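Structural characterization, general
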Amino acid sequence: MSQAQIIDGKVTAERLRAEVAEEVAALKAQHGLQPGLAVVLVGEDPASQVYVRSKGEHSKAAGMHSVTHRLPADVSQSDLLTLVRQLNADPAIHGILVQLPLPKGLDEKAVIETIDPAKDVDGLHVVNAGRLAQGLPSLVPCTPLGCMIMLRETLGDLSGKRAVVVGRSVLVGKPVAQLLLAADCTVTIAHSRTQDLAAVCREADILVAAVGRPQMIKADWIKPGATVIDVGINRVPFRDPVKAAEGKTKLVGDVAYKEVSAVAGAITPVPGGVGLMTVACLLKNTVTAAKRIAGLEP
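The shown structure was predicted, so the numbers you read here are calculated from the model rather than taken from an experiment. (Residues numbered from 1 in each chain as written. Predicted model: local features only at pLDDT ≥ 70, side-chain atom pairs only at ≥ 80, totals over all residues. Heavy atoms only, no water.)

**Thoughts on the layout of surface pockets**
The test is simple: Both cavities and pockets are sets of points on a 1 Å grid over the protein atoms alone; in a cavity a 1.4 Å probe fits but cannot get out, in a pocket the set is open with protein on both sides within 12 Å along at least five of seven lines, and lining residues sit with an atom within 4 Å of a point. Grid points are joined across faces, edges and corners, and a volume is the space filled by probe spheres set on the points. Under the scheme used here, helices are H or I runs from DSSP no shorter than 4 residues and strands are E runs no shorter than 2 residues, and both carry numbers assigned from the N terminus. Any residue outside Ala, Val, Leu, Ile, Met, Phe, Trp, Tyr, Cys, Pro, Asp, Glu, Lys and Arg is labelled polar, Gly included; the first ten of those are nonpolar and the last four are charged.
By volume, the second largest pocket amounts to about 370 Å³. Listing elements by their share of the lining of the second largest pocket, those giving two or more residues are α1 (9-31), α7 (173-182) and α11 (274-293). With six residues, α11 is the largest single contributor of residues to the lining of the second largest pocket. Its residues assigned to classes, the lining of the second largest pocket shows eleven nonpolar, five polar and six charged.

Below is the structure:
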């Protein structure tokens, strides 16, 4: 039995970052424009600190103006919103990302709504969500954007393909469904309440798994030859009793990778797949925002 083509997130992300760096250099040379990204980190969450450090390093490597604001976990809502408004008004900043989740007691929705939609490089502001739904130019959440880049590189034209998205979050499920619709796919959004979810998944030429349940999607849920994009990142104990006893964990996706690889035509691994695209797409969004703010593209 043949194994699925592995869609390598590392290779694709490296290529996208190189393209972004070229575009940044061209904007500087031709227009005197240096795209600027501001990342706001509240509190001491270890995973968030890793993400923020990565975003800062990659944005600087691409030639961008990069700023990180670190705030204590007990910062007031008022002070956080004041910082966001200052970044909205800063002409050197074209992209604003407030690292989520925020510590308890802070209103994430109010923070997102305060970000200028033109600088909302996370694509979470209701204006960007509405523009995406209307098929208008918008800033798109980074992970769905990464999914679409990988799909187009793997399949080329997506027109007419049946796509099933498992998950309906505002961060991944809904926006990736909108992007697939815009690419002329026939799209089904499925979720935990979907009746006979396995049968729905088996209809998919393209299956995007973004449900947050470790290895939920099995081989018999997959149409032979389908392309599987696994957005899930779940930390689970090792099966090895020694490693499990030591408290060691590993990352797995929402798809049972080994068994699904024997059925699918192409698949993203976890780790090494979609997750690596997210920071690269953040850089791409920052360049897009800078060009639009400067009136260089619609």
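Still more to cover.
**Some details on the environment of A280**
The condition is simple: A 1.4 Å probe rolled over the protein chains alone gives each residue an accessible area, and that area as a share of the maximum for its type sets the label: buried under 20%, exposed over 50%, partly exposed in between.
For A280, the location among the structural elements is in helix α11. By relative accessible area, A280 is classed as buried at 0%. Put simply, A280 and L16 are 264 residues apart on the chain and 6.3 Å apart in space, counted from C-alpha to C-alpha.

**Some points on the UniProt feature "domain: Tetrahydrofolate dehydrogenase/cyclohydrolase catalytic" (unreviewed entry) in the protein**
Put simply, the rule reads: UniProt positions are given in the numbering used here, feature names are shortened, and annotations may be inferred rather than shown by experiment.
Under the local residue numbering, the UniProt record ascribes the feature "domain: Tetrahydrofolate dehydrogenase/cyclohydrolase catalytic" (unreviewed entry) to residues 7-122. Taken end to end, residues 7-122 has its terminal C-alpha atoms 24 Å apart, with 51% of it in helix and 16% in strand.

**Side note on the sheet that holds strand β3 (residues 65-71)**
To keep it simple, the criterion reads: A pair of strands counts as paired when DSSP detects no fewer than two bridges linking them. In this analysis an axis means a line fitted to C-alpha atoms, helices contributing only their contacting stretch, and an angle means the value between N-to-C directions, from 0 to 180 degrees. What makes two residues a contact is simply this: any of their non-hydrogen atoms within 4.5 Å.
Sheet architecture is open: three strands sit in the order β3-β2-β4, paired in parallel fashion. Every interior strand has two partners, whereas the edge strands, β3 and β4 (95-98), have only one. Strand-to-strand twist across the sheet, computed as the mean angle between neighbouring axes with direction ignored, equals 15°. Across the face of the sheet, helix α2 (residues 46-61) comes into contact with β2 (36-42), β3 and β4 while running at roughly 165° to β2. Across the sheet, helix α3 (residues 77-89) touches β2, β3 and β4, and the angle it forms with β2 is around 175°.

**Quick look at the UniProt feature "binding site: NADP(+)" (unreviewed entry) in the protein**
UniProt records the feature "binding site: NADP(+)" (unreviewed entry) for G167, R168, S169 and I233 in the present numbering. Among the residues examined, R168 registers a relative accessible area of 44% and is labelled partly exposed. Other than its neighbours up to four places away in sequence, R168 contacts G173, K174, I189, H191, S192 and R193. The topology assignment puts S169 in the loop between β5 (162-166) and α7. In this structure S169 comes out as partly exposed when scored by relative accessible area, which is 31%.

**Focus: the sheet that holds strand β11 (residues 266-267)**
Strand-to-strand pairing in sheets goes through backbone hydrogen bonds, with the strands running parallel or antiparallel. Read from one edge to the other, the open sheet built from six strands follows the order β1-β11-β8-β7-β5-β6, with strand pairing classed as parallel. Of all strands in the sheet, those with a lone pairing partner are β1 (5-6) and β6 (186-190), marking the two edges. When strand β7 (residues 206-209) meets strand β8 (residues 227-230), the two strands line up parallel, connected through four bridges. Each bridged residue has a counterpart across the sheet, and for V208 the counterpart in β8 is I229. In the packing of helix α6 (residues 142-155) onto the sheet, contacts are made with β1, β7, β8 and β11, and the angle to β8 comes to roughly 160°.

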